[in-house]
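Here are the chains, one letter per residue:
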Amino acid sequence: AFRTRTDVPDQEVPAACAPEGVPKDACETPGASTGYRGYDHAMLPKPLHVANEALAFLLELAALVLLAVWGFRTGSGKAVHILLGLGAPALMVVVWGSLAAPRARVQLPMAGVLVVKAIVFGAATAAGYAAGWHALAVVFGVVAAGNTVIAALDRESLKNVTARDAAAKSIP
């Protein structure tokens, strides 16, 4: 169940860890540490992964700001402004923390998380546009969509690496 790596003489890896078509350096040797969360070259390079995760966090903060600005500018009367200005971001925090966060109380499948993110980021985009920040809202929506797609593909790749590592460990 082992095959010899062609890039390192006399070194074997589990066959499940080095299938055809996978880059030669994409797999660690048996017993070796895979480093950062099983990170390998099949995913985004580590610096890009970290940058994309940081961007995701900044987009979440920007969504809170867009919802708050919209809330404080919407409706008539000071009470309505305060209620919407604080309530819209608070609702986002509850929904995001319960359904879309990495440690969410309800663990949705990836498709469910993507739907929640689309609703939250879509609402923030619409709120920013309604508040008069047209260009910023459009840029926010495009960047949020791109970031979400890249993050989803990267996480899917991470799941594949984790499954591959588990399969490699189960080979006697």
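Provided above is the structure to which this section pertains.
Conventions we followed
- Along each chain, residue indices are assigned from 1 in the same order as the chain's sequence is written.
- Per-residue local features of the predicted model are confined to residues with pLDDT of at least 70, and side-chain atom pairs are confined, for both listing and counting, to 80 or more; whole-chain, interface and lining totals are unaffected and use all residues.
- Side-chain numbers come from the whole structure's heavy atoms, not from hydrogens or water.
- Strands here mean DSSP runs of E at least two residues long; helices mean DSSP runs of H or I at least four residues long; both are numbered from the N terminus.
- Remark: exposure states derive from per-residue accessible area (1.4 Å probe, protein chains only) relative to the maximum for the residue type, with buried under 20%, exposed over 50%, and partly exposed in between.
- When checking whether two residues touch, look at their non-hydrogen atoms; a contact exists if any pair is within 4.5 Å.
- The accessible surface values rely on the Shrake-Rupley method and a 1.4 Å probe; as for residues, cover is taken only from the protein chains in view.
- Put simply, a nonpolar core is a bunch of buried Ala, Val, Leu, Ile, Met, Phe, Trp, Tyr and Cys residues held in one set by side-chain atoms that sit within 4.5 Å of each other.
- For salt bridges, the criterion is a side-chain nitrogen of Lys or Arg within 4 Å of an Asp or Glu carboxyl oxygen.
- Every axis corresponds to a line fitted to the C-alpha atoms, with the helix fit spanning only the stretch in contact, and the corresponding angles, defined between N-to-C directions, vary from 0 to 180 degrees.
- Any angle from 65 to 115 degrees is called roughly perpendicular, while one under 35 is roughly parallel, one over 145 is roughly antiparallel, and all others are oblique.
- If you view the pair so one helix is near and one far, a crossing is left-handed when the near helix is turned anticlockwise from the far one by less than a right angle, and right-handed when it is turned clockwise.
- Here the term charged refers only to Asp, Glu, Lys and Arg, the term nonpolar to Ala, Val, Leu, Ile, Met, Phe, Trp, Tyr, Cys and Pro, and the term polar to all other amino acids, Gly among them.
- Excluding any residue in a salt bridge, patches collect residues exceeding 30% relative accessible area, merging like charges within 9 Å and nonpolar Val, Leu, Ile, Met, Phe, Trp and Tyr side chains within 5 Å.
- Multiplying one less than the number of residues by 1.5 Å gives the expected span of a helix.

K.L.:
Now, about the overall build of the protein: what can you tell me, with residues and values included?
P.N.:
When its secondary structure is counted, the protein shows four helices and two strands. Ordered by position from N to C terminus, the α and β elements of the protein give β-β-α-α-α-α. Here the protein holds 172 residues, and 31% of them are scored as buried. Counting only contacts in the protein whose residues sit at least 6 apart along the sequence, the fraction spanning at least 24 positions is 48%. Counting every atom, the protein has about 10200 Å² of accessible surface; 70% of that belongs to carbon and sulfur.

K.L.:
With reference to specific residues and values, describe the nonpolar core.
P.N.:
Counting residues in each nonpolar core, the largest one holds 17 residues, and the members touching the most others are A63, L67, W96, F121, A124 and F140. When residues of this core are traced back to their parent elements, those giving at least two are α1 (46-73), α2 (78-100), α3 (110-130) and α4 (134-170). In terms of residue count, the dominant contributor to this core is α3 (six residues). Leave out the neighbours within four places in its chain, and W96 touches E60, A101, K117, V120 and F121.

K.L.:
Just give me the short version of the pattern of salt bridges, but keep the residues and values in it.
P.N.:
Taken as a whole, this structure holds one salt bridge when the rule is applied. Residues R155 and E53 are paired through a salt bridge, measuring 3.1 Å at the closest nitrogen-oxygen approach. In this pair, R155 is assigned in helix α4 and E53 in helix α1, connecting sequence segments 102 residues apart. Judged by relative accessible area, which is 29%, R155 ranks as partly exposed.

K.L.:
Outline the packing of α2 against α3, listing residues and values.
P.N.:
Contact pair α2 / α3: the axes reach a minimum separation of 10 Å and the direction vectors enclose 165°. Of the possible angle classes, the one that applies to α2 and α3 is roughly antiparallel. By crossing handedness, the relation of α2 to α3 is classed as left-handed. Of the residues in α3, those touching α2 at M92, V95, W96, L99 and A100 are V113, V116, K117, V120 and F121. Among the residues making up the contact of α2 with α3, the classes are represented as nine nonpolar, no polar and one charged.

K.L.:
Residues and numbers for the environment of L99, please.
P.N.:
Tracing the sequence through the fold places L99 in helix α2. Sequence spacing of L99 and K117 is 18 residues, and the spatial spacing of their C-alpha atoms is 9.1 Å. Not counting residues up to four positions away in its chain, the partners in contact with L99 are A104, V106, L108, V113 and V116.

K.L.:
Quick rundown of the packing of α1 against α2? Include the residues and the values.
P.N.:
The axes of two packed helices give the description: the angle between them and the distance between them. Two numbers describe how α1 lies on α2: the axes approach to 6 Å, and their chain directions differ by 155°. Taken together, α1 and α2 sit at an angle that is classed as roughly antiparallel. For the element pair α1 and α2, the recorded crossing hand is right-handed. Contacts between α1 and α2 involve E60, A63, L64, L67, A68, W70, G71, F72 and R73 from the former and V80, H81, I82, L84, G85, L86, A88, P89, M92, V93 and W96 from the latter.

K.L.:
Tell me about a nonpolar patch on the surface, and please be specific about residues and values.
P.N.:
Taken together, L55, F57, L58, L61, V139 and V143 make up a surface patch of nonpolar side chains, about 500 Å² in accessible area. Of all the elements, α1 adds the most residues to the nonpolar patch, at four residues. Structurally, the position occupied by L61 is in helix α1. L61 sits in the partly exposed class, given a relative accessible area of 37%.

K.L.:
Mind laying out α1, listing which residues take part and the relevant values?
P.N.:
For α1, with 28 residues, the first-to-last C-alpha span of 41 Å sits near the 40 Å given by 1.5 Å per residue. Considered for burial, the residues of α1 that qualify are H49, N52, A56, L59, A63, L66, L67, A68, V69 and G71.

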